[in-house]
Amino acid sequence: MTKICVIGAGYVGMSLSVLLAVKNEVTVLEINNERVKLINERKSPITDKEISEYLATKQLNLKATDNAAKALSGAEFVIIATPTNYDPKLNYFDVSSVLSSIDSVLKFAPNAQIIVKSTLPVGFTEETAAKLKLHTLHFSPEFLREGLALYDNLHPSRIIVGTHNDAVGRTFANLLKESSLEKDVPVLIIPPTEAESVKLFSNTYLALRVSFFNELDTYAAKKGLDPKSIIKGVCLDPRIGDFYNNPSFGYGGYCLPKDTKQLLANFEHVPNCLIKAIVEANSIRKDFIADDILSKNPKTVGIYRLIMKSGSDNFRASSIQGVMKRIKAKGVNVIVYEPLLKEDSFFNSKVVRDLTAFKNECDLIITNRMQKELTDVRDKIYTRDLFHSI
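Residues numbered from 1 in each chain as written. Predicted model: local features only at pLDDT ≥ 70, side-chain atom pairs only at ≥ 80, totals over all residues. Heavy atoms only, no water.

## What to know about the sheet that holds strand 13 (residues 345-346)
Then, in step 1: Read from one edge of the open sheet, 6 strands run 13-14-12-11-15-16, paired in mixed fashion. Because the sheet does not close on itself, it has two edges, and the strands there are strand 13 and strand 16 (381-382).
Then, in step 2: Of the strand pairs in this sheet, strand 11 (residues 300-304) and strand 12 (residues 333-337) are connected by 5 bridges, and their pairing is parallel. In the sheet register, Gly302 faces strand 12, and the bridge partner there is Ile335. (Pairing = 2+ DSSP bridges. Helix = DSSP H or I, 4+ residues; strand = E, 2+ residues; numbered from the N terminus.)

Structure below.
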């Protein structure tokens, strides 16, 4: 049994903690006391069905604390899964939480192998290792969906470890592999900088695909064509495939917006036009959506849910917020229906918690994805959702 400390109780940290606690001793180090309390009560601090089920039903060697010395003492592996938000002023990820975590590990568990799961700028791991004269710092990209993070760790498509120490890389990969439910998981051990690149290029490709089908939808709307027919025809090509092709208000959430911007920043002095276009396409799509809504001359627009996607509790960078800000800037009255919001206003817009009252107050309701509870006001709905309509 390996002693592991996971720093951070977001969806990455929690999914890894629960996964590894089935066969290892895991301590979560988290600064949020409410999250610590929930974990120790075997309740998930995030919305994730499998995490909640595992906490409630499985025998897990898992505990949480906000005490760094207690959490890190004796740890053989430390997994850093803290947020690295993109800072537009620095044109760079804010890696302060990662650096602070590394400092704590060096203080309380100097012999531990450090695996960074937080998304990093390309070159960060090797530069930091050289600066601190560390041979124990490695990077392993995660490929998880919010709301399905543990499921994706239980059924991984691949495990990648960025390291110059093959033995450590294989040991960590095996920890993940033996706790998964899959027998044959591809494992790739590559240098840290290449692993950092894999993460950013993977997410940027996904953003490209979202943007491609969004621009197809924009074209069809402007030309009076049926976008659903075009998309179905395009996706019959097996090289393209019938997936990740439902138009939306833009790519959003925690990863894609910031990762595309960071990759573009890493392309400084490197010839490119596609990466820049992917970043710009998201803004252009929201401009089109907002203009399309404004062309209907609505008096009161309702925003149905601020979350990034169904099953998520994350508002961060959701595409609907970009649309909301654009139409508010044009003077349109906007109200919000979001049950997860505790505040009575959001961006100076009234929050309505009663769904019936919300429906009655709006003459137009915008939703990124169609939901059953909106079927009775279908004539008020604005969405670009083509494949989940009901």
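## Focus: unusual backbone geometry
Then, in step 1: Although it is not a glycine, Lys133 adopts a positive phi angle of roughly 55°.
Then, in step 2: By secondary structure assignment, the location of Lys133 is in the loop between helix 6 (124-132) and strand 8 (137-139).
Then, in step 3: Its relative accessible area of 73% is what places Lys133 among the exposed residues.
Then, in step 4: For Arg305, which is not glycine, the phi torsion reads 70° and is therefore positive.
Then, in step 5: Positionally, Arg305 belongs in the loop between strand 11 and helix 13 (319-329). (Buried < 20%, exposed > 50% of the residue type's maximum accessible area, 1.4 Å probe, protein only.)

## Looking at the environment of Ile115
Then, in step 1: Position of Ile115 relative to the elements: it lies in strand 7 (residues 113-116).
Then, in step 2: Judged by its relative accessible area of 0%, Ile115 falls in the buried class.
Then, in step 3: Sequence separation between Ile115 and Leu132 is 17 residues, and the spatial gap between their C-alpha atoms is 15 Å.
Then, in step 4: The contact partners of Ile115, leaving out residues within four places of it in the chain, are Phe77, Val78, Ile79, Ile80, His138, Ser140 and Phe172. (Contact = heavy atoms within 4.5 Å.)

## A word on a nonpolar patch on the surface
Then, in step 1: Side chains of Tyr205, Leu206, Phe243 and Tyr244 sit close together on the surface and give an oily, nonpolar patch of about 420 Å² of accessible area.
Then, in step 2: The topology assignment puts Tyr205 in helix 9 (residues 192-223). (Patch = residues over 30% accessible without salt bridge, like charges linked within 9 Å, V, L, I, M, F, W, Y side chains within 5 Å. Areas by Shrake-Rupley, 256 points an atom, 1.4 Å probe, with all protein chains shown as cover. Salt bridge = Lys/Arg side-chain N within 4 Å of Asp/Glu carboxyl O.)

## Focus on the side chain of Thr136
Then, in step 1: In this structure, Thr136 sits in the loop between helix 6 and strand 8.
Then, in step 2: On the accessibility criterion, Thr136 (14% relative accessible area) is buried.

## Observations regarding helix 10 (residues 227-235)
Then, in step 1: Within the sequence span of helix 10, burial applies to Pro227, Ile231 and Cys235. In a view along the axis of helix 10, the buried residues occupy a sector of 55°, so they form one face of it.
Then, in step 2: Considering only its buried residues, helix 10 is in contact with helix 9.
Then, in step 3: The N-cap residue of helix 10 is Asp226: its side-chain oxygen and the backbone nitrogen of Lys228 are 3.2 Å apart. (Arc of directions from axis to C-beta. Polar contact = N/O pair within 3.5 Å; in protein donor to acceptor, adjacent residues only side chain to side chain.)

## Looking at the packing of helix 1 (residues 11-20) against helix 3 (residues 49-57)
Two measures define how a pair of helices packs: the angle their axes make with one another and the distance between the axes.
Then, in step 1: Viewed as axis vectors pointing N to C, helix 1 and helix 3 meet at an angle of 40°, and their least axial separation amounts to 10 Å. Comparing the axis directions of helix 1 and helix 3 gives the class oblique. The chirality of how helix 1 crosses helix 3 is left-handed. Counted together, Met14, Ser15 and Val18 of helix 1 and Ile51, Tyr54 and Leu55 of helix 3 form the full contact between these two elements.
Then, in step 2: Its residues placed into classes, the contact of helix 1 with helix 3 shows 5 nonpolar, 1 polar and no charged. (Axes fitted to C-alpha atoms, helices over the stretch in contact; angles between N-to-C directions. Parallel < 35°, antiparallel > 145°, perpendicular 65-115°, else oblique. Left-handed = near helix turned anticlockwise from the far one by under 90°. Nonpolar A, V, L, I, M, F, W, Y, C, P; charged D, E, K, R; others polar.)

## Focus: the packing of helix 9 against helix 12 (residues 274-294)
Then, in step 1: Two elements in contact, helix 9 and helix 12, have axes separated by 9 Å at closest approach and are oriented at 45°. As far as their axial angle goes, helix 12 and helix 9 are oblique. As for how helix 9 packs across helix 12, the hand of that crossing is left-handed. Along the contact surface, helix 9 presents Thr204, Ala207, Leu208, Ser211, Asn214, Glu215, Asp217, Thr218, Ala221 and Lys222, while helix 12 presents Leu274, Ile275, Ile278, Ala281, Arg285 and Phe288.
Then, in step 2: Residue composition of the contact of helix 9 with helix 12, by class: 8 nonpolar, 4 polar and 4 charged.

## Considering the pattern of salt bridges
Then, in step 1: Within this structure, the stated rule accounts for 14 salt bridges.
Then, in step 2: Across the pair Glu41 and Lys37 runs a salt bridge whose closest N-O atoms are separated by 2.9 Å.
Then, in step 3: For Glu41, a relative accessible area of 36% puts it in the partly exposed group.
Then, in step 4: Its salt-bridge partner being Asp166, residue Arg170 comes within 3.5 Å of it at the nearest N-O pair. With Arg170 and Asp166 both in helix 8 (residues 166-179), this residue pair falls 4 residues apart, about one helical turn.
Then, in step 5: Salt bridges here are not isolated pairs; linked through shared partners, they connect Lys37, Glu41 and Lys43.

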